[in-house]
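This is what each chain is made of:
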Protein chains: 2
Amino acid sequence: KRFEDVYPIVRDQLLKQFKDHSMPQEAIDYYRRSLDYNVPGGKLNRGLSVVDTVEILKGRPLAQKEYTKAAVLGWAVEFLQAYFLVSDDIMDGSITRRGQPCWYRVEDVGLIAINDSLLLEGAIYQMVREHFKGDPCYLDLLEIFHEVSYNTEMGQLIDLLTAPEDKVDLNKFSLERHQKIVIYKTAIYSFYLPVALAMIMCGYPTTAPAGQPDVYKYAMDVLIPLGEYFQIQDDYLDYSGTPEQIGKIGTDIVDNKCSWCINTALALCSAEQRAILDTSYGRKDPAAEARVKEIFGQVGVDKRYEEYEQDAHDRITKLIKAVPEVSNPAGDAVLRHEVFTSFLNKIYKRTK
Amino acid sequence: KRFEDVYPIVRDQLLKQFKDHSMPQEAIDYYRRSLDYNVPGGKLNRGLSVVDTVEILKGRPLAQKEYTKAAVLGWAVEFLQAYFLVSDDIMDGSITRRGQPCWYRVEDVGLIAINDSLLLEGAIYQMVREHFKGDPCYLDLLEIFHEVSYNTEMGQLIDLLTAPEDKVDLNKFSLERHQKIVIYKTAIYSFYLPVALAMIMCGYPTTAPAGQPDVYKYAMDVLIPLGEYFQIQDDYLDYSGTPEQIGKIGTDIVDNKCSWCINTALALCSAEQRAILDTSYGRKDPAAEARVKEIFGQVGVDKRYEEYEQDAHDRITKLIKAVPEVSNPAGDAVLRHEVFTSFLNKIYKRTK
Ligand SMILES: [Mg+2]
Ligand SMILES: [Mg+2]
Ligand SMILES: [Mg+2]
Ligand SMILES: [Mg+2]
Ligand SMILES: [Mg+2]
Ligand SMILES: [Mg+2]
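Residues numbered from 1 in each chain as written. Chains lettered and ligands numbered in written order. Predicted model: local features only at pLDDT ≥ 70, side-chain atom pairs only at ≥ 80, totals over all residues. Heavy atoms only, no water.

Caption draft 1: Examining the overall build of chain A more closely. When you go through chain A residue by residue, the secondary structure sums to 14 helices and two strands. Over its C-alpha atoms chain A spans a radius of gyration of 21 Å, differing by no more than 12% from the 20 Å that the globule rule assigns to 352 residues. Taken along its principal axes, the extent of the C-alpha atoms in chain A is 65 × 55 × 35 Å. The buried share of chain A, reckoned over its 352 residues, is 57%. Roughly 14500 Å² of accessible area belongs to chain A as shown, and the carbon and sulfur atoms make up 52% of that amount. (Helix = DSSP H or I, 4+ residues; strand = E, 2+ residues; numbered from the N terminus. Rg over C-alpha atoms; globule rule 2.2 N^0.38 Å. Buried < 20%, exposed > 50% of the residue type's maximum accessible area, 1.4 Å probe, protein only. Areas by Shrake-Rupley, 256 points an atom, 1.4 Å probe, with all protein chains shown as cover.)

Quick look at the structure:
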């Protein structure tokens, strides 16, 4: 709630800029509609985790001014996510998102949605300038948004080349390729970025001083496996979860997604099973989908997932223990393990 | 030629980053193809004008190291242009660009082109960081790219809302709206940005010291009318130029473009002529296009253009004379009027 209250502040600052540029009222109204439709309707996990991480680092609740600044960075991550989702849905030809039509399918929007996604990205730098210009951390904030956006676009590219919606070729798939896509397309912006933003805001230098541990590297080393684990859960739940559980109908199989499940099955299946997967995966046909699911069952995807989950949990727990709980230069923040365990606990054995 | 030689350096740095991230070879090859297809094939006016402006400001030819840095900024403007054109062509459903198929229409590309345009934009910040990180002007460079990109996206939005390709409504058009679109969508990034980048690189402070003239404001006040004049020429040549002259067939009338010509005709026409324009503009029909051109002739668009051109030339000449020819703080650059007259002379009475 406190986090959500910052959204209208940010949105109204963006709309005020449009007014200050004497944009026509029609454009102001349209932009407002685009922002309200695409930015605030998600689970806000990524945005909230910026604020939560700053609170854990500082070890206390935030005063209103610093809360607003942390929340602006949180919303900037939500804007980044909206930018990726609006354009991804166009590229994938998707129909719905968060239970409503994808933005590009809304009346009078269409391919203007491409430019809307560019504006969502551009808005990040407007928000960050408005709230951080002059701060010692300002340049580091800009650079991490550049870097992480670019990484995510790299991940999107390998995903699009590996699993085009209309051209099934399972030879392109592998668990290794899956891992690469997941790390670049999802883990970096969803897990590393929120924590790194919080650390930057708390004054942790992005280049470690001589003799000091590289805290961003430690964070990355925990958060990338965490993000990978999260996405593998997402892939597994898409296959195994009921619509009541996951709030949607899984479509990864019919959509030719390069999911952990198909890659696991490809690594385990016989030549006969492989032939069926080749002709049945990525087809808009319920019978084909059922054949794929049958093979997932036969090769033991469920058992593999259980093993994977236990191993991921134990591995990440060890990585967290290795993080040095160091202070920032000002001495008013500590890189507590709780930063990472709070993520892990939210995720471990989740079923939705 | 010297400018063109910098492109492969920039491209290879971008590809090396992909390799350093262990991107699959397929993605590296694809990215290279996208860069080579979309970035270097234009007239390079915008990119060259960064280098030319730095040379005029410094009043001497550039040594190799500073030439390369100026050229990297020039190429960054060309990347920005490519980013806009690749996405604009998708939104407009265009067929060809620079005499070849639009990128999204190339085999095996399709809507991946959306992500390719995002990578073209992201590449700007990679190039600028690689060549300017640590320079006193680095932050100003980042901010101006943010600002100008956002302005251009605002201009694109009002263009898309004013002149959707498929829904003709001339009531939305006006010379005032035309001006707004032209300034935001074209003039700022094509004319102001290259000069501002050169000034930033030469150390002109983006916030004027007390008592000093705001040189960026002066530059803006000349370059926005210049960009407007350039685009009005472009609009006029699209209507009046022969294919031999302009190297393409004008399609603004059939494409429902919010061009200077239609807005001038709307301001001058009778009710009868207006009725014909309403039913004939923006139609994929040569007879309708001919009727529009006939009315352009009847209301005297050509004479208006001649008057406009003379007035623009005189007005801009006066604005240039008003610019204070001040030095940068280091005293090794002067804001010579030649920065602006060289643009005006290239443009005045051009017929292609
Ligand atoms: Mg998708
Ligand atoms: Mg996708
Ligand atoms: Mg999923
Ligand atoms: Mg176009
Ligand atoms: Mg357009
Ligand atoms: Mg034109």
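Back to the text.
Caption draft 2: Up close: the coordination of the magnesium ion (ligand 1). All names here are of chain A. Every protein donor of the magnesium ion (ligand 1) is listed here as D88 (OD) and D92 (OD), and their distances to the metal cover 1.9 to 2.1 Å. A spacing of 3.3 Å is found between the magnesium ion (ligand 1) and the magnesium ion (ligand 2), which share D88 as a donor. Of this pair, D88 and D92 both sit in helix α4 (residues 64–92), separated by four residues, roughly a single helical turn. Each member of the pair, D88 as well as D92, carries the same accessibility label: buried. (Donors = N, O, S within 2.8 Å, 3.2 Å for Na, K, Ca; no water.)

Caption draft 3: Layout of the relation of the copies chain B and chain A. Between chain B and chain A, the superposition needs a rotation of 180° and an axial shift of 0.0 Å, giving an RMSD of 0.0 Å. The transformation just described matches what one would write down for a two-fold rotation axis. Distance from the rotation axis, computed per C-alpha, reaches its smallest value in chain B at B:L139: 3.4 Å. Both copies present the same face, since 100% of the interface residues in chain B are matched by interface residues at the equivalent positions in chain A. (Least-squares fit on C-alpha atoms with pLDDT ≥ 70 in both. Contact = heavy atoms within 4.5 Å.)

Caption draft 4: Seen up close, empty space enclosed by the protein. Residues and elements named next belong to chain B. All chains considered together, the criterion is met by ten cavities of 30 Å³ or more. Considering only enclosed or pocket space, the largest cavity measures out at about 130 Å³ in volume. Sorting the residues of the lining of the largest cavity by element identifies α2 (25–38), α4 (64–92) and β2 (100–101) as the ones contributing at least two each. When residues of the lining of the largest cavity are assigned to their parent elements, the largest contribution, five residues, is made by α4. In terms of residue class, the lining of the largest cavity is built from ten nonpolar, two polar and three charged. (1 Å grid on protein atoms, 1.4 Å probe; cavity = no way out; pocket = protein on both sides within 12 Å on 5 of 7 lines; lining within 4 Å. Points joined across faces, edges and corners; volume = space filled by probe spheres on them. Nonpolar A, V, L, I, M, F, W, Y, C, P; charged D, E, K, R; others polar.)

Caption draft 5: Structural detail: the environment of B:D29. Residue and element names in this part refer to chain B. With respect to the helices and strands, the residue D29 is situated in helix α2. Under the relative-accessibility criterion, D29 is labelled partly exposed at 43%. For the pair D29 and L15, spaced 14 residues apart in sequence, the C-alpha to C-alpha distance is 8.7 Å.

Caption draft 6: Focus on the nonpolar core. With 256 residues, the main nonpolar core has A:F79, A:F296, B:F79 and B:F296 as its most contacted residues. Those residues within four positions of A:F296 in sequence are excluded, and the remaining contacts are A:Y239, A:I253, A:C261, A:I262, A:A265, A:L277, A:Y281 and A:V301. (Core = buried A, V, L, I, M, F, W, Y, C linked by side-chain atoms within 4.5 Å.)

Caption draft 7: Fine view of the interface of chain B and chain A. Taken together, the contacts link 50 residues of chain B with 50 residues of chain A. Across the chain B to chain A interface the summed buried area is about 4800 Å²; carbon plus sulfur atoms make up 65%. In terms of surface lost to chain A, no three residues of chain B exceed B:L118, B:Y150 and B:L157, which account for 14% of the buried area on that side. Our count for the chain B to chain A interface comes out at ten salt bridges. The salt bridge partner of B:K167 is A:D108, with a shortest N-O separation of 3.1 Å. In this assembly, chain B and chain A are joined by 21 residue pairs in polar contact (both at pLDDT 80 or more). (Buried area = accessible area lost by both parts, 1.4 Å probe. Salt bridge = Lys/Arg side-chain N within 4 Å of Asp/Glu carboxyl O. Polar contact = N/O pair within 3.5 Å; in protein donor to acceptor, adjacent residues only side chain to side chain.)

Caption draft 8: Summary view of the pattern of salt bridges. Enumeration over the complete set of coordinates arrives at 43 salt bridges over all chains. Note that B:D36 is salt-bridged to B:R32, the shortest N-O span being 3.8 Å. In this pair, B:D36 and B:R32 are both assigned in helix α2, four residues apart and thus about one turn of the helix distant. When the shortest N-O distance is used, the salt bridge between B:D332 and B:K58 registers 3.7 Å. Here the residue B:D332 occupies a position in the loop between α13 (301–322) and α14 (338–347), and B:K58 occupies one in helix α3 (residues 45–58), the gap between them amounting to 274 residues. When its relative accessible area of 38% is taken as the criterion, B:D332 is described as partly exposed. Within the structure, one salt-bridge network assembled from shared partners comprises A:R11, A:D12, A:R32 and A:D36.

Caption draft 9: Local environment of the coordination of the magnesium ion (ligand 5). Residue and element names in this part refer to chain B. Only D88 (OD), D92 (OD) and D92 (OD) from the protein reach the magnesium ion (ligand 5) as donors, at distances of 2.1 to 2.7 Å. Here the magnesium ion (ligand 5) and the magnesium ion (ligand 4) are spaced 3.3 Å apart, linked through D88, which binds each one. Taking relative accessible area as the criterion, D88 reaches 10% and is therefore assigned buried. When its relative accessible area of 19% is taken as the criterion, D92 is described as buried.

Caption draft 10: Expanded view of the packing of α4(B) against helix α6 (residues 138–162) of chain B. Residue and element names in this part refer to chain B. Where α4 meets α6, the closest approach of the two axes is 12 Å, and the angle between their N-to-C directions is 20°. Classified by the angle their axes make, α4 and α6 are roughly parallel. Viewed along their axes, α4 and α6 form a crossing whose handedness is right-handed. In contact with L73, A76, V77, L80, Y83, F84, D88, M91 and D92 of α4, α6 contributes L141, F145, V148, S149, T152, E153, Q156 and L160. Looking at the contact of α4 with α6 residue by residue, the class counts come to eleven nonpolar, three polar and three charged. (Axes fitted to C-alpha atoms, helices over the stretch in contact; angles between N-to-C directions. Parallel < 35°, antiparallel > 145°, perpendicular 65-115°, else oblique. Left-handed = near helix turned anticlockwise from the far one by under 90°.)

Caption draft 11: Broad picture of the packing of aromatic side chains. Inspection of every chain in the model, using the stated rule, returns 37 aromatic pairs over all chains. Taken together, a centroid distance of 4.9 Å and an interplanar angle of 40° make the contact between B:Y83 and B:F84 tilted. In terms of burial, B:Y83 and B:F84 fall into one category: buried. Where B:Y239 meets B:F296, the ring centres are 5.1 Å apart and the plane angle is 85°; that geometry is what we call edge-to-face. Of this pair, B:Y239 sits in helix α8 (residues 215–240) while B:F296 sits in helix α12 (residues 286–299); the two residues are 57 residues apart in sequence, bridging distant segments of the chain. Both residues of the pair, B:Y239 and B:F296, count as buried. Put simply, the rings of A:Y229, A:Y236, A:Y239, A:W260, A:F296, A:Y305 and A:Y308 touch in pairs and so form one group of aromatic residues. Lying over the aromatic face of A:Y67, A:R2 brings its terminal NZ or CZ to 4.0 Å of the ring centre. (Phe/Tyr/Trp six-rings, centres within 6.5 Å; stacked < 30°, edge-to-face > 60°. Lys NZ or Arg CZ within 6 Å of the ring centre and 35° of its normal.)

Caption draft 12: Examining the environment of B:N345 more closely. Here B:N345 shows up in helix α14. Sequence-wise, B:N345 and B:H313 are 32 residues apart; in three dimensions their C-alpha atoms are separated by 9.4 Å.

Caption draft 13: How the structure looks around the environment of B:A82. Position of B:A82 relative to the elements: it lies in helix α4. Setting aside residues no more than four positions away along its own chain, B:A82 makes contact with B:N38, B:V39 and B:L120.

Caption draft 14: Examining the confidence of the model for chain A more closely. Averaged over all residues, the pLDDT of chain A equals 96, while 100% of them reach at least 70. Quick note on the complex model: pTM equals 0.97, ipTM equals 0.97. (pLDDT = per-residue confidence, 0-100.)

Caption draft 15: Just the side chain of A:N263, in detail. Residue and element names in this part refer to chain A. Within the secondary structure, N263 sits in helix α10 (residues 260–268). Exposure remark for N263: the relative accessible area of 2% places this residue in the buried category. Aside from chain neighbours lying at most four places away, what touches N263 is F173, S174, L175, H178 and C258.

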